[in-house]
Amino acid sequence: MKFTLLIQSAPIDSQSSATALRFARALLKKGHTIERIFFYRSGVHSANRLTLAPQDETNLPQEWQHLVSDNSLDAVVCIAAAIRRGIVNQDETARYGIEGENLLQAVELSGLGQLIAAATQSDRLVTFGGGG
Amino acid sequence: MKRFLIISRQSPYGSAAAREATELALACALFDQPVALLLLDDACYQLLPEHQPETIAQKNLSAMQQSLPLYDVDKIFVCQRSLAQRGLTLDSLSLAVTSLDTRQISALIRTYEMVINV
């Protein structure tokens, strides 16, 4: 089956991003296809490359980076939600004349259309977080 | 083509939830997908007229809400019980919406392929 995953909560505030990560791994293990992973609302913090975690704790953005690049997945962060929360890539730092790009390399900044397009191509859209 | 239902549960201000739910509903419409909006709990307050968010340095959500029908998001549903719990009536709201009881809401959700609880 083809899945699109939508993550809406920040890794540090909610279990949602970690659950989504484990769900994504389980899908791949079972032979399903992930059409796209989309980060919206505070979920965009999952794509902050500058996140640090104590050694005995999981660094979720790093885990997402591995999952996406190791499996050549398509992962997108909503650009409007991201720039409001300080998640930017080189294009955006250049556009706004600021320093310090922090977006995970494996993830792209794009619009909500990418969520809608992926959902229309998928058998299932599964959301993590949201409602609060 | 898939039918989208966007569910919002938050008041218009206090977090970006209401704005980001509205933006998602508008985006579905812009990309030519059939879309409806369902307002539960404190999301009822999103439809009250005469917001004055400038006093807390926020942007008015009503302007964006009012554009929903223009973008063919013409199906806006609101939970009857949530309205009643807050002492609100349909005619006190700034947009024409349909109110549903809880049984109708569960039936409604089942008719959509893509349900996003923002």
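Preceding this paragraph is the structure being described.
Procedures and definitions
- Here the residue numbers are simple positions, counted from 1 along each chain's written sequence.
- Labels follow written order: the first chain is A, the first ligand is 1, and so on.
- Restriction of local features to residues with pLDDT of at least 70 applies here, the model being predicted, together with a cutoff of 80 or more for giving and counting side-chain atom pairs; totals for whole chains, interfaces and linings are based on all residues.
- Residue burial is a threshold on neighbouring C-beta atoms within 10 Å of the residue's own C-beta, all placed from the backbone, with 20 or more meaning buried, 12 or fewer meaning exposed, and counts in between meaning partly exposed.
- Runs of H or I in DSSP of at least four residues are treated as helices and runs of E of at least two as strands, each being numbered from the N terminus.
- Whether two strands pair comes down to DSSP finding at least two bridges between them.
- Clockwise travel from the first strand over the helix to the second, with the strands pointing away from the viewer, marks a crossover as right-handed.
- Buried Ala, Val, Leu, Ile, Met, Phe, Trp, Tyr and Cys residues form a nonpolar core when they are connected through C-beta atoms within 7 Å.
- In this description, a residue-residue contact is defined by the distance between C-beta atoms placed from the backbone, which must lie within 7 Å.
- Nonpolar residues are Ala, Val, Leu, Ile, Met, Phe, Trp, Tyr, Cys and Pro. Charged residues are Asp, Glu, Lys and Arg, and all others, Gly as well, are polar.
- Axes here refer to lines fitted to C-alpha atoms; in helices the fit is confined to the stretch in contact. Angles between the N-to-C directions go from 0 to 180 degrees.
- Any angle that is under 35 degrees is reported as roughly parallel, and any over 145 degrees as roughly antiparallel; angles of 65 to 115 degrees are reported as roughly perpendicular and all others as oblique.
- A crossing counts as left-handed when the near helix is turned anticlockwise from the far one by less than a right angle, and as right-handed when that turn is clockwise.

Colleague: It is not clear to me how the pairing of strand β1 (residues 4–8) of chain B should be interpreted in this structure. Could you clarify?
Modeller: Strand residues, when the strand is regular, have side chains that alternate between the two faces of the sheet. Residue and element names in this part refer to chain B. Among the five residues of β1, five are classified as buried, and the element is accordingly described as predominantly covered. Taking every second residue as pointing to the same face, both faces of β1 are buried, with Phe4, Ile6 and Ser8 on one and Leu5 and Ile7 on the other. Bridge count between β1 and strand β2 (residues 35–39): five bridges; the pairing is parallel. Counterpart to phenylalanine 4 in the pairing with β2 is valine 35. Regarding the hand of the β-α-β motif, the stretch spanning β1, helix α1 (residues 17–30) and β2 is right-handed. Judged from the four bridges that link them, β1 and strand β5 (residues 114–117) form a sheet pairing that is parallel.

Colleague: Can you walk me through the nonpolar core in this structure?
Modeller: The tendency in soluble globular proteins is for nonpolar side chains to be buried as a group. A:Leu5, A:Val77, B:Ile6 and B:Ala25 are the most contacted members of the largest nonpolar core, which totals 72 residues. Among the elements that make up this core, the one with the highest residue count is α1(B) (nine residues). Apart from residues lying up to four places away in sequence, B:Ala25 is in contact with B:Ile6, B:Val35, B:Leu37, B:Leu68 and B:Val73.

Colleague: Mind showing me how you'd approach the interface of chain B and chain A here?
Modeller: Many structure descriptions define interface size as the accessible area lost when the parts assemble. Listed by partner, the interface residues are 15 residues for chain B and 13 residues for chain A. Those elements that place two or more of their residues in the side of chain B that touches chain A are α1 and β5 of chain B. At five residues, the largest contribution of residues to the side of chain B that touches chain A is made by α1(B). Taken together, the residues of the side of chain B that touches chain A break down into nine nonpolar, two polar and four charged.

Colleague: Could you clarify how one ought to interpret the packing of helix α1 (residues 16–29) of chain A against helix α2 (residues 60–70) of chain A in this entry?
Modeller: To characterise two packed helices, one gives the angle between the axes of the helices and the distance between these axes. Residue and element names in this part refer to chain A. Orientation of α1 relative to α2, taken along the N-to-C sense of each, is 20 degrees, at an axis distance of 11 Å. The angle between the axes of α1 and α2 places the two elements in the roughly parallel class. The element α1 and its partner α2 pack so that their crossing is left-handed. For the pair α1 and α2, contact is made by Ser17, Ala18, Leu21, Ala24 and Arg25 and by Leu60, Glu63, Trp64 and Leu67, respectively. A class-by-class count of the residues in the contact of α1 with α2 yields six nonpolar, one polar and two charged.

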